[in-house]
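A look at the structure
Chain by chain, the residues:
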Amino acid sequence: MCGGVADRGVVLLMAAKATSRPEGRPRPLGTSSENGQVQTQSWKPLHAHLVRVNDAAARSRQTRFTALFHHLDVAALERAFRRLRRKAAPGVDGVTVADYERDLESNLRALHARLQANQYRPMPVLRTYIPKADGGQRPLGLLALEDKIVQGAAAELLSALYEADFHDVSFGFRPGRSAHDALRTVSAAIISERVNWVVDVDIRNFFGSVDHAWLIRMLELRTADPRILRLVRLWLRAGVMEDGVYAETVEGTPQGAGSAHCWPTSTCTTCSTCGWRNGSGGRRGGMSASSALPTTFCCCARLGTTRRRCLPRCRNGSPSLG
């Protein structure tokens, strides 16, 4: 893959939860260990201003944040830079982490000044491919180094906001959580509850077919800062460079980007929340558990009628899900 690997997202820096569990039957997640049950790790941001954002989001699910952009300061940009993989493949700019670090303080201050003056413009994403297990190829997007930095800082900020909204059964690209936790949740539900049906949903080519207008609409439910939304729109419209040829992007978001996990995770969480609240099942309908990653989720149901209602509601949750 061009002699390197893509940068990790913000939340992937957290160590994965140990997979060991006490002997006996698997136990559902979400309650305290004092009651003999395991639970996923809770997460809190480490920096005071992000803690305030997280606390405000947790106090009211209806709050729309109108002033977030000022959190993208030089310190946030430096934290995002420090999270980059030093051996990551460069984007269209050809700049590596080592190159940028030679004059790091000056570079970050200049980048911050361009952000504040609305003069920052992202570069096109360099398209490359990695092999898939089924013999096909998975497209991967390599960002220019400064785009990785700004996207990483924005993803850290928005993660503090959206962590307050995520369901306890949502696991994808979240700090302290992994696919192994999702599997344990499903296993516990099947063994300990009345489960007769398991519905496994995988959104085909999600990253490549994300509807930009719908994604912005989902973000606007919580994010009302026009400068943050402007940044997201710039990244979505940055275009793709492949074999020296530029192409506009009218849909989709590149896998491998620093913020690639944040937009689909927040969008899918909003859609699943709407579907759950609007009667996709719940306890009254025999829905015993729902374990979700950003582009795939699994529902465990007791009643066949709940199973039959599940898929149509999943499709109706967003036009982009087909």
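Refer to the structure presented above.
Throughout what follows, the structure given in this document is the object of discussion. (Residues numbered from 1 in each chain as written. Predicted model: local features only at pLDDT ≥ 70, side-chain atom pairs only at ≥ 80, totals over all residues. Heavy atoms only, no water.)

**Overview of the pairing of strand β1 (residues 125–131)**
- Here two bridges tie β1 to strand β4 (residues 240–242), and the two strands are oriented parallel to one another. Following the sheet pairing, Val125 is matched in β4 by Val240.
- Sheet topology note: the β1/strand β2 (residues 137–142) ladder contains six bridges and is antiparallel. Looking across to β2, one finds that Thr128 is bridged to Leu140.
- Taking the residues that link successive antiparallel strands as the turn, the β1-β2 hairpin has five residues, and the phi of Gly135 there is positive, at about 95 degrees. (Pairing = 2+ DSSP bridges. Helix = DSSP H or I, 4+ residues; strand = E, 2+ residues; numbered from the N terminus.)

**Concerning the packing of helix α5 (residues 145–162) against helix α9 (residues 226–236)**
- At a minimum axis separation of 12 Å, α5 and α9 run at an interaxial angle of 130 degrees. Judged on the interaxial angle alone, α9 and α5 are oblique. Crossing of α5 over α9 shows left-handed handedness. On α9, the residues that touch Val150, Gln151, Ala154, Leu157 and Leu158 of α5 are Ile228, Leu231 and Trp235. (Axes fitted to C-alpha atoms, helices over the stretch in contact; angles between N-to-C directions. Parallel < 35°, antiparallel > 145°, perpendicular 65-115°, else oblique. Left-handed = near helix turned anticlockwise from the far one by under 90°. Contact = heavy atoms within 4.5 Å.)

**Looking at the pattern of salt bridges**
- In total, this model carries twelve salt bridges according to the counting rule given.
- Close ionic contact of Arg83 with Glu156 constitutes a salt bridge, the shortest N to O distance being 3.2 Å. Of this pair, Arg83 sits in the loop between α2 (74–82) and α3 (97–101) while Glu156 is found in helix α5, placing the two residues 73 residues apart along the sequence. We note that Arg83, like Glu156, is buried.
- What emerges from the salt-bridge pattern is a single network uniting Glu78, Arg82, Arg86 and Glu101. (Salt bridge = Lys/Arg side-chain N within 4 Å of Asp/Glu carboxyl O. Buried < 20%, exposed > 50% of the residue type's maximum accessible area, 1.4 Å probe, protein only.)

**Describing the packing of helix α8 (residues 212–220) against α9**
- Interhelical geometry of α8 versus α9 gives an angle of 160 degrees and a closest axis separation of 11 Å. Taken together, the axes of α8 and α9 are roughly antiparallel relative to one another. Note that α8 runs across α9; the crossing there is right-handed. For the pair α8 and α9, the contacting residues are His212, Leu215, Ile216, Leu219 and Glu220 in the first and Leu229, Val232, Arg233 and Leu236 in the second.
- Of the residues that constitute the contact of α8 with α9, the class distribution is six nonpolar, one polar and two charged. (Nonpolar A, V, L, I, M, F, W, Y, C, P; charged D, E, K, R; others polar.)

Just distances and angles here, no functional claims.
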